[in-house]
Amino acid sequence: MGKKNQQEFVQHITARSEDFSQWYTDVVRLADLMDYTPVRGCMAIKPYGYAIWELIQHQMDDEFKRTGHKNVSMPMLIPESLLLKEADHVEGFAPEVAWVTQGGTEQLTERLAIRPTSETIFCTMYAKWVQSWRDLPLLYNQWCSVMRWEKTTRPFLRTSEFLWQEGHTIHATEEEAQEETMKMLMVYRDFCENVLSVPVYCGQKSEKEKFAGARATYSVEAMMQDGKALQSGTSHNFGTNFSEPFEIKFLDKDGTQKYAYETSWGTSTRLIGALIMTHGDERGLKLPPKVAPVQVVVVPVAAHKEGVLEGARRVADALKAAGMRVEFDDRDNVTPGWKFNEWELKGVPVRIEIGPRDLAENKVVAVRRDTFEKTSLEIGGLEQKVAGMLDQIQRNMLEVAREFRDTHTRDVHSMKELGEQVNGGYARAMWCGEQACEDEIKEKFSATSRCMPFDQTPIDEVCVCCGKPARKLIYFAKAY
RNA sequence: CGGGGUGUAGCGCAGUUUGGUAGCGUGCUUGAAUGGGGUUCAAGAGGCCGUGAGUUCGAAUCUCACCACUCCGACCA
């Protein structure tokens, strides 16, 4: 159990405090979430990583269903003419679209975009599907992958192809569309906080930062442990920006033709990046129980001793029967110490150790991944105790992350303060509303405006940058 | 897209300066011992040295081009 070997192992993972980026890359690989492929910028998501995505997907999809949405599937190819219909939209996406120009041996007369997002195809179909106010609203979502030809990529944070969901809805009135936009933003906020234990700031994006083609964009913004912002979900109100060029019209109750109001909202596998960088530590990944593919790992100790394996298996089976996701690690080719480290690296919330001494006393040892707190528990009623422990971990991880975020967010009243603050967190500042000030802040500190919170209680009279009268309270941060 | 780094066995690396047909650790396979925080011994298997051209009698090593990954910056709805 050499110290030497342990040190060798630790060298595999770069210290988080030393080089956050390298640490992130190491965790992603060593926790076996993904692997690189021969396709530039495109990753293979491995079973453990995909299991996290499935847990995210299922729980979020339940929320979509609960709020009245239905799933559909749209083509992955979009004719160029459709993409060109909304000017801002095409301008925003053109540089990163991949094109199909040939089918079989034939050159295509019109090239096809591999979808970077599906507003245009949804709008085209909505124009066919809507005639009357009675057809509205249409509340559809799709789970799919999209492709954006990115110059630089990072696993889960920015890849050329990525998995996501995109909701697209159309409504009879502007008010309804705005209500939908906000509703889904709140779904994202609650999901991030309650399921991922990732606290977020939510609010409206500035004109500069809003989605190409949107009338208004709202986002949920998480804070990573290096103090940088990660936009974790967006919700857009398009007004009639798309329905006009795409001619999504309906005959309203008053007998007149009207354009429908559209929204869209999306989250992606980037949420996995948010999980890693919000919770991870020197030992690797740390997963909140609700998205942990393995919530409890049961490790027999001194498994060769009479009855240990059987006793440990009974405990694992009982936990499984109680509905927890349990892994019984009965591998005989690695030592318990090896297993402890490996499951910690993979972020499993609770480890149960069971050896001969425990069994003799009808007990087990339970260790929490979040606090490393070690407790001895009676086997009788263990299911309830472990389930309770998982709940506690889920909540504690949110609290710890919230504490971090709050202590790394500061009100700033000058450019000097702002520049210092964005080196390790979010700056809350007053802003005049002019893009020139955003540009200047970006130029000086490479920080961007993140969002304008809904609570707009002012902290100053004047803009942090230009000193003119302030109009908005807004967050600035360096962003991924 | 600009600057740095890397690419050799599953993984981590040495070998490149000074050209001579590939090595270490770990993992893997088999056997034995060990077993409460990354065990030990023994015997094996495993490589078109990122790709393509070139120089040379001979290239992992020298030259050129390309590709991929990675870090920093720019860009990024």
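Rules behind the numbers
- The written sequence of each chain sets the order in which its residues are numbered from 1.
- As a convention, the first chain written is A and the first ligand written is 1, with the rest following in written order.
- Totals for whole chains, interfaces and linings use all residues, but because this is a predicted model, local features are given only for residues with pLDDT of at least 70 and pairs of side-chain atoms are given and counted only at 80 or more.
- Counting from the N terminus, the helices are the DSSP runs of H or I reaching at least four residues and the strands are the DSSP runs of E reaching at least two.
- Once C-beta atoms are placed from the backbone, each residue is buried if 20 or more other C-beta atoms lie within 10 Å of its own, exposed if 12 or fewer, and partly exposed for counts between those two.
- A pair of strands is labelled paired if DSSP reports no fewer than 2 bridges between them.
- Throughout, a pair of residues is in contact if the C-beta atoms placed from their backbones lie within 7 Å.
- Joining buried Ala, Val, Leu, Ile, Met, Phe, Trp, Tyr and Cys residues through C-beta atoms within 7 Å gives a set, and that set is a nonpolar core.
- To define axes, lines are fitted to C-alpha atoms, for helices over the stretch in contact only, and angles between the resulting N-to-C directions are given on a 0 to 180 degree scale.
- Crossing handedness: left-handed means the near helix sits turned counterclockwise from the far one by under a right angle, and right-handed means the same turn made clockwise.
- Each residue gets one label: Ala, Val, Leu, Ile, Met, Phe, Trp, Tyr, Cys and Pro are nonpolar, Asp, Glu, Lys and Arg are charged, and the others, such as Gly, are polar.
- Each residue carries a pLDDT score, the predictor's confidence in it, ranging from 0 to 100.

A. How the structure looks around unusual backbone geometry. In this structure, Pro 137 follows Leu 136 across a cis peptide bond, with omega equal to -5 degrees. With a phi angle near 55 degrees, Ser 197 is a residue other than glycine that sits in the positive phi range. Assignment of secondary structure puts Ser 197 in the loop between α7 (174-195) and β9 (200-204). The buried category is assigned to Ser 197, around which 27 C-beta atoms lie within 10 Å.

B. Up close: the sheet that holds strand β11 (residues 229-239). Taken in spatial order, the eight strands line up as β3-β7-β8-β14-β11-β10-β9-β23 in an open sheet, and their pairing is mixed. Among the strands making up the open sheet, the edge pair consists of β3 (70-71) and β23 (452-453). In this structure, strand β8 (residues 161-171) lies alongside strand β14 (residues 261-268), joined through eight bridges in antiparallel fashion. Paired with Trp 164 across the two strands is Ser 268, which belongs to β14.

C. Expanded view of helix α6 (residues 119-129). Inspection of α6 places Glu 119, Thr 120, Ile 121, Phe 122, Cys 123, Thr 124 and Tyr 126 among the buried residues, and these make up the whole buried set. Its buried side turned inward, α6 meets β4 (77-79), α4 (80-83), α5 (87-93), β7 (138-147), β8 and β14.

D. Inspection of the nonpolar core at higher detail. Of all hydrophobic cores here, the largest spans 96 residues; its most connected members are Leu 196, Leu 275, Val 296, Val 298, Ala 427, Ala 429 and Phe 476. If we skip the residues at most four places from it in the chain, Phe 476 touches Leu 418, Val 422, Ala 427, Ala 429, Ile 441, Ala 447, Thr 448, Ser 449 and Arg 450. In this structure, Phe 122, Ala 177, Ile 248 and Phe 250 belong to the second largest nonpolar core, which totals 24 residues.

E. Spotlight on the pairing of strand β10 (residues 216-223). A large share of β10 lies buried, amounting to seven of its eight residues. Where β9 meets β10, five bridges bridge the pair, whose relative direction is antiparallel. Bridging across to β10, Gln 204 finds its partner in Tyr 218. In this sheet, β11 lies alongside β10 in antiparallel orientation, the contact comprising eight bridges. Following the sheet pairing, Ala 222 is matched in β11 by Leu 230. Here β10 hands over to β11 after five residues, with Gly 227 in that stretch at a positive phi of 90 degrees.

F. Geometry of the packing of helix α9 (residues 308-321) against helix α12 (residues 382-407). Where α9 contacts α12, the axes come no closer than 9 Å and their chain directions differ by 65 degrees. The two elements α9 and α12 meet at a crossing, and its hand is right-handed. Contacts between α9 and α12 involve Val 315, Ala 318 and Leu 319 from the former and Leu 382, Glu 383 and Val 386 from the latter. Tallied by class, the residues present in the contact of α9 with α12 amount to five nonpolar, no polar and one charged.

G. Summary view of helix α10 (residues 336-345). Of the positions making up α10, those classed as buried are Lys 339, Glu 342, Trp 343, Glu 344 and Leu 345. Tucked inside the fold, the buried residues of α10 contact α2 (20-30), β15 (296-300) and β17 (350-354). Directly after α10, the chain includes Gly 347, whose backbone phi takes a positive value near 80 degrees.

H. Structural context of the pairing of β17. Of all five residues in β17, five are buried; the element is thus mostly enclosed. Residue alternation in β17 divides its side chains into two sets, Val 350, Ile 352 and Ile 354 and Arg 351 and Glu 353, and both sets are buried. Sheet topology note: the β15/β17 ladder contains five bridges and is parallel. Across the sheet, Val 297 pairs through a bridge with Arg 351, a residue of β17. Here β17 pairs with strand β18 (residues 363-368) via four bridges, running antiparallel. By the bridge assignment, Val 350 is partnered in β18 with Arg 368.

I. Summary view of the environment of Gly 273. Along the polypeptide, Gly 273 turns up in helix α8 (residues 270-279). With 116 residues separating them in the primary sequence, Gly 273 and Met 389 have C-alpha atoms 25 Å apart. Apart from residues lying up to four places away in sequence, Gly 273 is in contact with Phe 156, Leu 157 and Leu 230.

J. Local environment of the confidence of the model for chain A. Averaged over all residues, the pLDDT of chain A equals 93, while 98% of them reach at least 70. For the stretch residues 1-11, pLDDT sits under 50, and the model shows two contacts to residues farther than four places along the chain or on other chains. Reported confidence for the predicted complex is 0.87 by ipTM and 0.95 by pTM.

K. Structural detail: the sheet that holds strand β16 (residues 326-328). In spatial order, the strands read β16-β15-β17-β18-β19; together these five strands make up an open sheet with mixed pairing. Edge strands, defined here as strands with exactly one partner in the open sheet, are β16 and β19 (374-378). The sheet shows a mean angle of 25 degrees between the axes of neighbouring strands, direction not considered. Contacts from α9 reach β15, β16, β17 and β18 within the one sheet, and its direction differs from that of β15 by about 170 degrees. α12 contacts β15, β17, β18 and β19 of the sheet and is inclined by roughly 10 degrees relative to β18.

L. Fine view of the environment of Phe 250. When you line up the elements, Phe 250 lands in strand β12 (residues 249-251). Each C-alpha atom, one on Phe 250 and one on Val 462, is 46 Å from the other, the two residues being 212 residues apart in sequence. When near neighbours in sequence (up to four residues on either side) are disregarded, Phe 250 contacts Val 130, Gln 131, Ser 132, Trp 133, Asp 135, Leu 136, Ala 172, Lys 258 and Ala 260.

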